[in-house]
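# What the coordinates show
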Amino acid sequence: MNPIAIDVKNLVKVYHKRGQPPVRALDGISFAVPRGQIFGLLGPNGAGKTTTLKILTTLLPATSGSAHILGFDVERQPFEVRKNICVVLQENAADLYLSLRDNLRTYGRFHGLDARETETRANHVTELFDLGEYRNQRLIDLSGGLKRRLQVAKVFMVDKQVVFLDEATTGMDAINKRTTIQAIKQEARKGRTIVLTTHILAEAEELCDSLVIVDRGRIAASGSVEDVKLIGFKFVHVTMMFRRLNPRTIAALRQFTPVSMETRNTSIEMTLKKESDVLKVLRAAKRDKNFVNFEVGGATLEDVFVELVRMPREESR
Amino acid sequence: MKAILAVMYREYKIRISSLTWLFYDLLMPFAYLLIFGIGFDRAFSTGIMLSGEFVTYNDFFLAGVLSMACFGIAINTSYGFFVDRDNGIFYEFLTYPMTRGQFLLGKITFNCATSLVQTLIAVLLGAWVLEIGIRWELLLFVLAAVVLGTSGWFFFLTIFALRIRRNDMFNTFINVAYFVLLFVSSLFYPIEPLPGWMQTVAYANPLTWHTDALRYFTIGLGDLSTIALELVGFVLFLLASFWLAVRSIQRLI
Ligand SMILES: Nc1ncnc2c1ncn2[C@@H]1O[C@H](COP(=O)(O)OP(=O)(O)OP(=O)(O)O)[C@@H](O)[C@H]1O
Ligand SMILES: [Mg+2]
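Residues numbered from 1 in each chain as written. Chains lettered and ligands numbered in written order. Predicted model: local features only at pLDDT ≥ 70, side-chain atom pairs only at ≥ 80, totals over all residues. Heavy atoms only, no water.

Bringing the overall build of chain A into the picture now. Tallying secondary structure elements over chain A gives twelve helices and 14 strands in all. Judged by the C-alpha coordinates and their principal axes, chain A covers about 70 × 45 × 45 Å. Taking all 317 residues of chain A together, the buried fraction comes to 52%. Contacts in chain A between residues far apart in sequence, at least 24 positions, make up 69% of those at least 6 positions apart. Summed over all atoms, the accessible surface of chain A reaches about 15100 Å², with 49% contributed by carbon and sulfur. (Helix = DSSP H or I, 4+ residues; strand = E, 2+ residues; numbered from the N terminus. Buried < 20%, exposed > 50% of the residue type's maximum accessible area, 1.4 Å probe, protein only. Contact = heavy atoms within 4.5 Å. Areas by Shrake-Rupley, 256 points an atom, 1.4 Å probe, with all protein chains shown as cover.)

Set out below in structure tokens:
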């Protein structure tokens, strides 16, 4: 068995719209995802994440390059690919005039389950995602978050080898986000390969075995979460506590052009690009008579992300 | 096969979600025949001359009504694409384990079943209430022609429903298509008395081919060799439309 579930080589996608300049949404993207992994596609708005997923799920032809799912070519063997995947699209997708239960039923049938199996699994995900009380309501009458919950619940009804999730948890409340994350983890443990995109970096950090950061159609960084964080190894994260925050201290600290800076009630968190700045920052902080203490640590995924996608193109390559 | 059944199951669920719609769908052709047909039947009380024979307008118009009903079901089904696209579910369908062709075939199989039921209602009530002289031995051919017609028009309209992305533009397109195809055809009146240019257009119109075949199969009027040619033409039209419709799905996103 091929240990690689998804193999993407040099994928390019140029959108042509009449009367508008062409948009190069993907500019030569390559990555490989081993079976059973949770793989994250991260990147700012318009980076090309959804375009990548659309090509991998046979919705969109690539301009050039190749992509294989479980060894099947997405362009030449789309039917084989579709037999092995299930997808949560970024846009909402539901039969608004059917009841929640009927939406689950049709989904089961489409994925080859028989009537009895469909009922069993529909009941299971209805319970898992706490949708029982809406069972007989038409989707058009449900809130946005509930529609999203149903859309995500559907993919957990079927056992497909590869699962694609495009910002699956968007619009969900905290409890259902948790449920979704737990369900994703559980599915991966069963040996499925999961590809997800997200803007919530903590989510990516918690879930992903490996990830790529895409920016303007190119890969800006890739590897395991730890690898990617290492790109920011020279970044230093400093947390300083004060009895009370003084605007003048904040202004003074800004002078060090941190990657990120956040002020809370009585603390300031900063990510610095140069280790040598740490002492200078602490000196500036100590000048404030309300200074209490400080902590120094490594960079978070978010720091790396912010820094990478902020770089001008030449540097990020 | 499983995929086609799944599409049919979903069409069925959608259809029974509105009983008014179902009722309208099934009775529309007969209602048309009853109101429009009776009006014209009285207005042209001498009947209509066709292939050298006089028939009542009701006899003549039954094939027109059935042909129009196939066209109507095809329009409704192709409008469904706009609803599905707005709901986003259309794109999700395209990631399901089925081919584009199976998706279209599943949709049309269910809707052909609806066409068949409404045809039977119109034919039976037409014979009973309006005393139309049905050639019962040809009934199976009527049903086959209804399946061909509904599918042909559905595939044809699908090409436009998928390429014209705007609902309002598609509306305009349907209005124009309806106007040209229906009125320059053998649907409401025989073609022979029409001026030359109109005859030419009418004979190039697949709706004429389909209506002529239905007319032959319902009341036995028409020239068999012409009808055979028209049927072959319609099947080619259907196949070409199917091929283009499948291709249109690929260009969609
Ligand atoms: N159908 C389309 N036609 C033209 N351009 C498009 C089309 N779809 C996407 N684009 C462009 O391609 C680029 C990548 O878009 P894409 O949707 O893949 O981004 P994304 O990473 O998913 O962003 P987001 O985080 O906002 O979902 C953007 O510049 C977008 O404007
Ligand atoms: Mg996106």
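Next comes the rest of the account.
Contacts between the two partners involve 25 residues from chain B, matched on the other side by 30 residues from chain A. When the two sides are added together, the surface that chain B and chain A hide from each other amounts to roughly 2600 Å², 62% of it contributed by carbon and sulfur. Linking chain B with chain A are three salt bridges. Here chain B is connected to chain A by nine residue pairs in polar contact (both at pLDDT 80 or more). For the side of chain B that touches chain A, the secondary structure elements donating two or more residues are α1 (2-16), α3 (57-86), α4 (89-93) and α5 (100-129) of chain B. (Buried area = accessible area lost by both parts, 1.4 Å probe. Salt bridge = Lys/Arg side-chain N within 4 Å of Asp/Glu carboxyl O. Polar contact = N/O pair within 3.5 Å; in protein donor to acceptor, adjacent residues only side chain to side chain.)

All names here are of chain A. In the first shell of the magnesium ion (ligand 2), the protein supplies T50 (OG1) and Q90 (OE1), at 1.9 to 2.1 Å from the metal. With T50 in helix α1 (residues 49-56) and Q90 in the loop between β6 (85-88) and α3 (100-110), this residue pair connects regions lying 40 residues apart in the sequence. Judged by relative accessible area, T50 falls into the partly exposed class, the value being 22%. (Donors = N, O, S within 2.8 Å, 3.2 Å for Na, K, Ca; no water.)

Of all hydrophobic cores here, the largest spans 153 residues; its most connected members are A:I6, A:F31, A:L56, A:I69, A:F164, A:L165 and B:W153. The element contributing the most residues to this core is α3(B), with 14 residues. Ignoring sequence-local partners within four residues, the contact set of A:F31 consists of A:I6, A:D7, A:V8, A:F39, A:L41, A:T52, A:L56, A:V212 and A:I219. (Core = buried A, V, L, I, M, F, W, Y, C linked by side-chain atoms within 4.5 Å.)

The next subject is the packing of aromatic side chains. Under the criterion given, the structure shown has 35 aromatic pairs over all chains. When the centroid spacing of 5.4 Å and the interplanar angle of 85° are considered together, the rings of A:Y107 and B:Y96 count as edge-to-face. Of this pair, A:Y107 sits in helix α3 while B:Y96 is found in the loop between α4 and α5, placing the two residues in two different chains. Considered together, A:Y107 and B:Y96 belong to a single accessibility category, that of buried residues. Geometrically, the ring pair formed by B:F160 and B:F173 is stacked, given 4.4 Å between the ring centres and 25° between the ring planes. Of this pair, B:F160 sits in helix α6 (residues 139-163) while B:F173 sits in helix α7 (residues 167-183), and the two are 13 residues apart along the sequence. What makes B:F160 partly exposed here is its relative accessible area of 27%. An aromatic cluster of three or more residues is present, and its members are A:Y107, A:F110, B:F81, B:F90, B:Y91, B:F93, B:Y96, B:F103, B:F154, B:F155 and B:F242. Over the aromatic face of B:Y9 sits the side chain of A:R109, whose NZ or CZ is 4.0 Å from the ring centroid. (Phe/Tyr/Trp six-rings, centres within 6.5 Å; stacked < 30°, edge-to-face > 60°. Lys NZ or Arg CZ within 6 Å of the ring centre and 35° of its normal.)

All names here are of chain A. Sheet architecture is open: four strands sit in the order β2-β1-β4-β5, paired in antiparallel fashion. In the strand order of this sheet, the two ends are held by β2 (23-34) and β5 (72-73), each with one partner. Pairing between strand β1 (residues 4-15) and β2: nine bridges, direction antiparallel. Of the residues in β2, the one forming a bridge with K13 is L26. Those strands touched by α1 are β1, β2 and β4 (64-69), and its axis lies near 65° from that of β2. (Pairing = 2+ DSSP bridges. Axes fitted to C-alpha atoms, helices over the stretch in contact; angles between N-to-C directions.)

All names here are of chain A. Here we have four strands laid out as an open sheet, ordered β12-β13-β11-β14, and antiparallel in their pairing. Of all the strands in the sheet, the pair left with one neighbour each is β12 (260-263) and β14 (291-297). Here the average twist between neighbouring strands, direction ignored, is 10°. Here β12 runs beside strand β13 (residues 267-272); their pairing, made up of four bridges, is antiparallel. Across the sheet, residue E262 finds its bridge partner in β13, namely E269. Contacting β11 (236-242), β12 and β13, helix α9 (residues 247-254) crosses the sheet at an angle of about 170° to β12. Helix-sheet contacts for helix α10 (residues 276-286) involve β11, β13 and β14, and the interaxial angle to β11 is about 10°.

On to the site of ligand 1, then. Residues and elements named next belong to chain A. Around ligand 1 lies a shell of 15 residues, among which K17, G46, K49, T50 and T51 are the nearest. Between Y15 and ligand 1, the recorded distance is 3.4 Å, taken from a side-chain N or O atom to a nitrogen atom. Taking Q90, its side chain carries an N or O atom lying 2.9 Å from an oxygen atom of ligand 1. The protein chains hide 71% of the 630 Å² of surface that ligand 1 would expose on its own. For the shell around ligand 1, the elements supplying multiple residues, two or more each, are β2 and α1. In terms of residues, the shell around ligand 1 owes the most to one element, α1, which gives three residues. (Near = heavy atom within 4 Å.)

We now examine the packing of helix α2 (residues 19-43) of chain B against α5(B). Each pair of packed helices gets described by two things: the angle between the helix axes and the distance between those axes. All names here are of chain B. Put simply, α2 and α5 touch, their axes get as near as 8 Å, and they point 35° apart. Relative to α5, the crossing made by α2 is right-handed. Contact with α2, carried on its side by D25, L26, L27, P29, F30, L33 and L34, involves T114, V117, Q118, I121, A122, L125, G126 and V129 of α5 and no other residues of that element. Residue classes in the contact of α2 with α5 are distributed as eleven nonpolar, three polar and one charged. (Left-handed = near helix turned anticlockwise from the far one by under 90°. Nonpolar A, V, L, I, M, F, W, Y, C, P; charged D, E, K, R; others polar.)

Now for the pairing of β11(A). All names here are of chain A. Counting buried positions along β11 gives six out of seven residues, so the element sits mostly inside the fold. Pairing analysis gives six bridges linking β11 to β13, with the strands arranged antiparallel. From the neighbouring strand, H237 faces β13, where its bridge partner is T271. Of the strand pairs in this sheet, β11 and β14 are connected by six bridges, and their pairing is antiparallel. Within the sheet, the bridge partner assigned to H237 lies in β14 and is G297.

All right, on to α9(A) then. Residue and element names in this part refer to chain A. Among all positions in α9, only T249, I250 and L253 are buried. For α9, the angular spread of the buried residues around the axis is 100°, confining them to a single face. Facing away from the buried side of α9 by over 90 degrees, the exposed positions are P247, R248 and R254. Its side-chain oxygen at 2.9 Å from the backbone nitrogen of R248, N246 defines the N-terminal cap of α9. (Arc of directions from axis to C-beta.)

Let us now look at the domain arrangement of chain A. Examined at the domain level, chain A breaks down into domain 1 (4-84 + 160-225), domain 2 (95-154) and domain 3 (236-298). Taking the mean C-alpha position of each, domain 2 of chain A and domain 3 of chain A sit 50 Å from one another. (Domains from an automatic or database assignment.)

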